[in-house]
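What follows is the residue order along each chain.
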Amino acid sequence: MPDEFTSKAPVPVPVPVPVPVPVPVRQSKQPDERRDDILRAARELVAERGMARVKITDIAARVGVTRGLIYHYFPHKDAIIDLISEDHIAEFVTDLNLWDAARIPGDIDRALVECVALFRHHLHRTDLFREELGRTEHDGLYNEFVDRAVRAVVDRLQVTTVEAYARRHEIRIDNVSEVFSVLVFGLIGLVRSTPTVSDDVLVAIVRQTLHLDNNAPA
């Protein structure tokens, strides 16, 4: 006969094991990537608001980082403005390379027309950064920008278009680099002072200054 007072061992209740929730790992960007992000944000802000109205705190907020990190890559805002200028120049040189690659050997007339059109396109591009460069209070920055742009353009033409031209034609000017520099500076000044000057006039100036041959026979 069973003893009803005999205690029974308690049945163990299984305890649920918590499932670990994965914690998102913050991806840290490489220094070059972060620097590019900062420069891209600064360029956007300068184009939207102008140089004077953009602060380091604005750039930090746009990128989503601290002011300290901005200063880690750039000691002051002028260093950022300097690289924005380089960006604009690099875009012009890139387009110049594309123009040079697309040229038809011997078709000097077409090459001149397309090159002048490219020159005018970049000279007339508008955003607040370029507008501010043209103001009197930024004459120093504008002059430095133009100096660097002309050097970059002439250096590129020297190793691409000029060498290609020399393989088919006689170069009838001396001091090629210096003549090209004077020509590009002069074209910039002419278009700025007389925006209505036609592309035909600019093409004629280039042809006369460089003593370019007529189109070579097919």
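These numbers were taken from a predicted model, which means no experiment stands behind them. Numbering of residues starts from 1 in every chain and runs along the sequence as written. Per-residue local features of the predicted model are confined to residues with pLDDT of at least 70, and side-chain atom pairs are confined, for both listing and counting, to 80 or more; whole-chain, interface and lining totals are unaffected and use all residues. Calculation of side-chain values draws on the structure's entire complement of heavy atoms; hydrogens and water are dropped beforehand.

(A) A look at the packing of helix α4 (residues 77-102) against helix α5 (residues 108-123). To get an axis, fit a line to the C-alpha atoms, keeping to the stretch in contact for a helix; angles then go from 0 to 180 degrees between the N-to-C directions. Numbering of helices and strands runs from the N terminus; a helix is a DSSP stretch of H or I covering at least four residues, while a strand is a stretch of E covering at least two. One can describe the packing of α4 onto α5 by two numbers: an axis separation of 11 Å at closest approach and a directional angle of 165 degrees. If you check the angle between α4 and α5, you find them roughly antiparallel. α5 is crossed by α4, and the crossing has right-handed handedness. Touching Glu-91, Phe-92, Asp-95, Leu-96 and Trp-99 of α4 are Ala-111, Glu-114, Cys-115, Leu-118, Phe-119 and His-122, all from α5. What sets the label is the angle itself: under 35 degrees gives roughly parallel, over 145 gives roughly antiparallel, 65 to 115 gives roughly perpendicular, and the rest give oblique. Crossing chirality is assigned from the near helix's rotation relative to the far helix, an anticlockwise turn below a right angle marking it left-handed and a clockwise turn marking it right-handed. The criterion used for residue contact is that any of the two residues' heavy atoms lie within 4.5 Å.

(B) Spatial organisation of the packing of α5 against helix α8 (residues 176-193). As a packed pair, α5 and α8 sit with axes 11 Å apart at the nearest point and diverge in direction by 60 degrees. In terms of axis orientation, α5 runs oblique to α8. The hand of the α5/α8 crossing is right-handed. Contact with α5, carried on its side by Phe-119, Arg-120 and Leu-123, involves Leu-187, Ile-188 and Val-191 of α8 and no other residues of that element. Here the contact of α5 with α8 is built from residues that sort into five nonpolar, no polar and one charged. Three categories are distinguished: nonpolar for Ala, Val, Leu, Ile, Met, Phe, Trp, Tyr, Cys and Pro, charged for Asp, Glu, Lys and Arg, and polar for the others, with Gly belonging to the last.

(C) Up close: helix α1 (residues 31-49). Here, expected helix span is obtained from the residue count minus one, scaled by 1.5 Å. With 19 residues, α1 extends 27 Å from end C-alpha to end C-alpha; this agrees with the ideal 27 Å at 1.5 Å per step. Listing the buried residues of α1 in full gives Arg-34, Asp-37, Ile-38, Leu-39, Ala-41, Ala-42, Arg-43, Leu-45 and Val-46. Tucked into the core, α1 has its buried residues touching α2 (56-63), α3 (67-73), α4 and α6 (128-133). Of the residues flanking the end of α1, it is Gly-50, one or two places downstream, whose phi is positive at about 100 degrees. Three labels apply to residues, based on accessible area from a 1.4 Å probe with only protein chains included: buried if under 20% of the type maximum, exposed if over 50%, partly exposed otherwise in between.

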